[in-house]
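Observations on chain architecture
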Amino acid sequence: MDSPRPAPASDFLVNKKRVRVLGLSFDDAVKIFFGGNAFVSVLVLALITYFLFQEGFGFFGQNHRNLLTYRQAGLEYVDYIRTQESAHTALTRYLSDLRLRQFSHATLEKKLTPAAANESLVAFDNFAALYGDSVEPLRGLVSELTEQATAIKTKFLVAEDKAVERQQLTAEGKIAEAAAVQIETVDFAVEVKALTGTLPAYKELAAEFIKKLDAALLTAPAMPTAELTTRLERFRQLSSDFTATFPATTRSLETWDYTRAVPWYQAFSAFLFGREWLTASFWQDWYGIVPLFMGSLMVSLVALLLAVPMGVGAAIYVNQIASAAEQRFIKPCIEFISAIPSVVLGFFGIAVLGQLLRWLSQQDALAWVPGFPFSERLNILTAGCLLALIAVPTIFTLAEDALQNVPKAFKEASFALGATRLQTIIKIVVPASLSGIISAVLLGLGRVIGETMVVLLCAGNRIAIPDFTAGLAVVTQPVHTMTGIIAQEMGEVVRGSIHYRALFVVGLGLFFLSLAINFLAQKIVNKYRISIG
Amino acid sequence: MDIKTPFTASSSGRSSPVSAAPVGAILIDIDHVDFYYGASQALHDINLKIEEKKVTAFIGPSGCGKSTLLRCLNRMNDLIDGTRVAKGQIKIRGIDIYDPSVDVIELRKRVGMVFQKSNPFPKSIYENITYGLRLQGRSNKSDLDAVVEKSLRGAALWDEVKDRLHTSGLGLSGGQQQRLCIARAIAVEPEVILMDEPCSALDPIATVKVEELIQELRTKFTIVIVTHNMQQAARCSDKTAFFYMGKLIEFADTRAIFMNPANAQTEAYVSGRFG
């Protein structure tokens, strides 16, 4: 090809003469490789987020239907009465506790033999039996109603399943077979009448119940000590509080209406503030995140309480006080902890730490520690101790970095003014690195909240809100956690079911929690950089 | 470079310090000191007497040991691993400061220091100045207030910062920060103030202010200043010591060092032929 103007001959080497494959130079290939990697990570993050949201948000619609069925099938109605029954059960537990106290008083203080002690408690036992048995008619009613309501719900669910089956058949083009599917429509108005029809019977029964309780209370024998008398008085108070709730319950039963709509926000609030996580129940499934969240929170708090002094203290020691030889030894040791697989730590927790803590708690010399002795080997404390071990390397490494970043000039100035090493650390070095240390702690928290294996193995996996009335002893209770529940239940649930989606929403919650913690840590670190200048 | 110009310029500004000052009492007696960083010897047989209420300047090319010697005077070198005074003694008011019975914390309260790069703490101006006093357990508010004002006035900074004592010391300009550091040092009322190239990071105007400040401080404190800037040594100091390769080459009245050096190396350095 002849160009009209021939290019001027030049020995000025600016032309690109590199080797090209598919039109790409080596530089281009490298650029594409790295760019591709970055792109893939962004894409994966986007996909994960999308997937979480897509699977998670379906939950709220399903939960709304779940709550609607609960009302329409009359389960809600029955639960009003059931609440009374369980409140009464709680009262009888109080009585058993009172008996236990009297018994130990009789054997320990009065030095009676167990048989003699039991003998002395006959009057109390009669009273307790009278009080406990008074619930029987109510209990009978509840179990009768439970059966009816369950029947209604089952009928409704079967009808729904059939409808789905017909839809599928129609979609597949099997019209004849679809028409053959029998769908029994559930007329809630009729079904629920059977439940509400028992209201007069209930009213009569409740009045009788109150009378029996009051009569039983009159037979309560006198207590041997002032302390126990106070407890009995407390019981009387609780009992009268209990009977005072009856009119309200009756009102709820009278005004109950199965047609009342369930507001849409309840699908959210029942999840966010629900105090029960109850699945695969014959009665009603509840998906409330509170017990799981509280479990995660408590375990993380215990972990942080242990890990912050340990991690920050070790960082201060290594960075400010230790000799070079000590540094060379301690730093790799602490960093090595993070190399232990968490399942191994969990295993250690079950086999060693849980046993050890329980054994310690049962030593008489340690009986003064709140919560000691305890019998649950796996609890908040055990899991918290192990999680602390997981958080320590994170907190240590980041806090040490923060301390390292404190300009040496600050330390020199402090020493030159006649400060001791300790004064310099406390008054200059730690305050100057405080934001770095705080963000180290936050990242440690993020690490702990997301940790799964250890809590699944060591937290005890009892789905209940910890009983904070126990004070500090709350840490000896078993809990379940947000991460643990996902790991435990995700394998067993039916894809697309409400339970499956509920687990996704828990996952979403974790996702946002970690996001918030990391964001906060970043913010604090940035502020810190500016302030140092 | 003509070395006479700065010197004559400064001496025309005020009476010559050398002729005006009587022979002072010896405050610091550096007696045949050898100093090592690990295996390498940084100071060779230094023998020097620093007079009370005078400004003594250490000059010399980089790495000559002048900063090392300065940091020996309040034992700041203790903070560096492997350093030691192998031979000789440093006595302040007759007391060997490297004696095991000496409390280094007490020593540093008596011998204050201002560093090359201004290093106010990331705290308020007020807290910066009261830091040393609080370390000594003084916490009386009106007492501290008085010291803050006195120190800031002493460092010629009071008028500039009196309305923002509780804002961060890091918000000040470079020169102000350095004067804050001087104020912080004089707040604990030391006898000696060591200055390690206090103006090397400052602009000319800030430098002038700090130099003027040094002239005021010399009436109350004994000042030892390390400087790279020969004009500064000529302008500010009464006595000058010239170091080279870890050895004290010449120590004399400043005027003598600059006008009439006895040693050929000194002459070469102060006239700018090397360094």
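Because the structure is predicted, anything quoted here is derived from the model rather than measured. (Residues numbered from 1 in each chain as written. Chains lettered and ligands numbered in written order. Predicted model: local features only at pLDDT ≥ 70, side-chain atom pairs only at ≥ 80, totals over all residues. Heavy atoms only, no water.)

Some thoughts on the state of the cysteines
Using the criterion set out here, one finds zero disulfides over all chains in the structure. Between B:Cys64, a free cysteine, and B:Cys72, which holds the nearest cysteine sulfur, the sulfur-to-sulfur gap is 13 Å. (Disulfide = S-S within 2.5 Å.)

Regarding the packing of helix H5 (residues 136-171) of chain A against helix H7 (residues 188-196) of chain A
Working note: a packed helix pair is described by the angle between its axes plus the distance between those axes. Residue and element names in this part refer to chain A. Following both chains from N to C, one finds H5 and H7 inclined at 165 degrees, their axes separated by 9 Å at the closest point. On the basis of their axis angle, the class for H5 and H7 is roughly antiparallel. Crossing handedness for the pair H5 and H7: left-handed. Side by side, H5 and H7 meet where Leu 145, Gln 148, Ala 149, Ile 152, Lys 155 and Phe 156 of the first sit next to Phe 188, Glu 191, Val 192, Ala 194 and Leu 195 of the second. Looking at side-chain class alone, the contact of H5 with H7 contains eight nonpolar, one polar and two charged residues. (Axes fitted to C-alpha atoms, helices over the stretch in contact; angles between N-to-C directions. Helix = DSSP H or I, 4+ residues; strand = E, 2+ residues; numbered from the N terminus. Parallel < 35°, antiparallel > 145°, perpendicular 65-115°, else oblique. Left-handed = near helix turned anticlockwise from the far one by under 90°. Contact = heavy atoms within 4.5 Å. Nonpolar A, V, L, I, M, F, W, Y, C, P; charged D, E, K, R; others polar.)

So, the interface of chain A and chain B
Of the residues lining the interface, 17 residues belong to chain A; the matching set on chain B comes to 23 residues. A per-residue breakdown of the area chain A buries against chain B is headed by A:Glu412, A:Ala416 and A:Leu417, which together make up 35% of the total. Two residues, A:Glu412 and B:Arg71, come together in a salt bridge whose shortest N-O distance is 2.8 Å. In this assembly, chain A and chain B are joined by four residue pairs in polar contact (both at pLDDT 80 or more). For the side of chain A that touches chain B, the elements supplying multiple residues, two or more each, are helix H16 (408-416) and helix H17 (421-432) of chain A. By residue number, the principal contributor to the side of chain A that touches chain B is H16(A), which donates seven residues. When grouped by side-chain class, the residues that make up the side of chain A that touches chain B number nine nonpolar, six polar and two charged. (Buried area = accessible area lost by both parts, 1.4 Å probe. Salt bridge = Lys/Arg side-chain N within 4 Å of Asp/Glu carboxyl O. Polar contact = N/O pair within 3.5 Å; in protein donor to acceptor, adjacent residues only side chain to side chain.)

Things to note about unusual backbone geometry
Residue and element names in this part refer to chain B. One non-glycine residue with positive phi stands out, namely His 32, at about 50 degrees. By the element assignment, His 32 lies in strand E1 (residues 26-37). With relative accessibility at 34%, the residue His 32 sits in the partly exposed group. Positive phi is not limited to glycine here, since Ala 156 has a value of about 55 degrees. Secondary-structure assignment places Ala 156 in the loop between helix H6 (141-154) and helix H7 (158-161). The class of Ala 156 is partly exposed, set by a relative accessible area of 38%. (Buried < 20%, exposed > 50% of the residue type's maximum accessible area, 1.4 Å probe, protein only.)

Quick look at the packing of aromatic side chains
Counted according to the given criterion, the structure contains 30 aromatic pairs over all chains. Aromatic ring contacts, followed pair by pair, group A:Phe53, A:Phe57, A:Phe59, A:Phe60, A:Trp264, A:Tyr265, A:Phe268, A:Phe271, A:Trp277, A:Tyr287, A:Phe511 and A:Phe512 into a single cluster. When the ring centre of B:Phe121 is taken as reference, the NZ or CZ atom of B:Arg184 above it lies at 4.5 Å. In this arrangement the basic side chain of B:Lys239 is found over the ring face of B:Phe251, its NZ or CZ atom lying 5.1 Å from the centre. (Phe/Tyr/Trp six-rings, centres within 6.5 Å; stacked < 30°, edge-to-face > 60°. Lys NZ or Arg CZ within 6 Å of the ring centre and 35° of its normal.)

Digging into the pattern of salt bridges
All names here are of chain B. One pass over the full model with this rule turns up 33 salt bridges over all chains. Put simply, Asp 45 and Lys 87 hold a salt bridge, and the shortest N to O gap is 3.4 Å. Residue Asp 45 is found in strand E2 (residues 40-51), and its partner Lys 87 is found in strand E4 (residues 83-92); the two are separated by 42 residues along the sequence. A single network of salt bridges, built from pairs that share partners, joins Glu 51, Lys 54, Lys 239 and Asp 253.

As for the environment of B:Cys72
Residue and element names in this part refer to chain B. Within the element layout of this structure, Cys 72 appears in helix H3 (residues 66-72). As a C-alpha pair, Cys 72 and Tyr 98 span 26 residues in sequence and 9.3 Å in three-dimensional space. Those residues within four positions of Cys 72 in sequence are excluded, and the remaining contacts are Phe 35, Leu 43, Asn 77, Ile 90, Ile 97 and Tyr 98.

Here's the deal with the nonpolar core
In this structure, B:Ile30 and B:Leu152 are the most contacted members of the largest nonpolar core, which totals 160 residues. Not counting residues up to four positions away in its chain, the partners in contact with B:Leu152 are B:Ile125, B:Ile129, B:Leu157, B:Trp158, B:Val161, B:Leu165, B:Leu180 and B:Ala183. (Core = buried A, V, L, I, M, F, W, Y, C linked by side-chain atoms within 4.5 Å.)

Looking at the pairing of E2(B)
Within a regular strand, side chains alternate between the sheet's two faces. Residue and element names in this part refer to chain B. Where E1 and E2 come together, eight bridges link them in antiparallel fashion. In the strand pairing of E2, Ile 28 is matched with Ile 50. Between E1 and E2, which pair antiparallel one after the other, the connecting turn spans two residues, and Gly 38 there sits at a positive phi close to 60 degrees. (Pairing = 2+ DSSP bridges.)

With respect to the domain arrangement of chain A
Here the domain parsing of chain A yields domain 1 (9-56), domain 2 (68-265) and domain 3 (298-532). Measuring from the centre of the C-alpha atoms in domain 2 of chain A to the corresponding centre in domain 3 of chain A gives 42 Å. (Domains from an automatic or database assignment.)

A word on the confidence of the model for chain B
All names here are of chain B. Summarising the model, chain B shows a mean pLDDT of 84, and 91% of its residues fall at 70 or more. Within the model, pLDDT remains below 50 along residues 1-22, and this stretch shows 27 contacts once partners closer than five positions in the same chain are excluded. Scored by ipTM, the complex comes to 0.84, with pTM at 0.77. (pLDDT = per-residue confidence, 0-100.)

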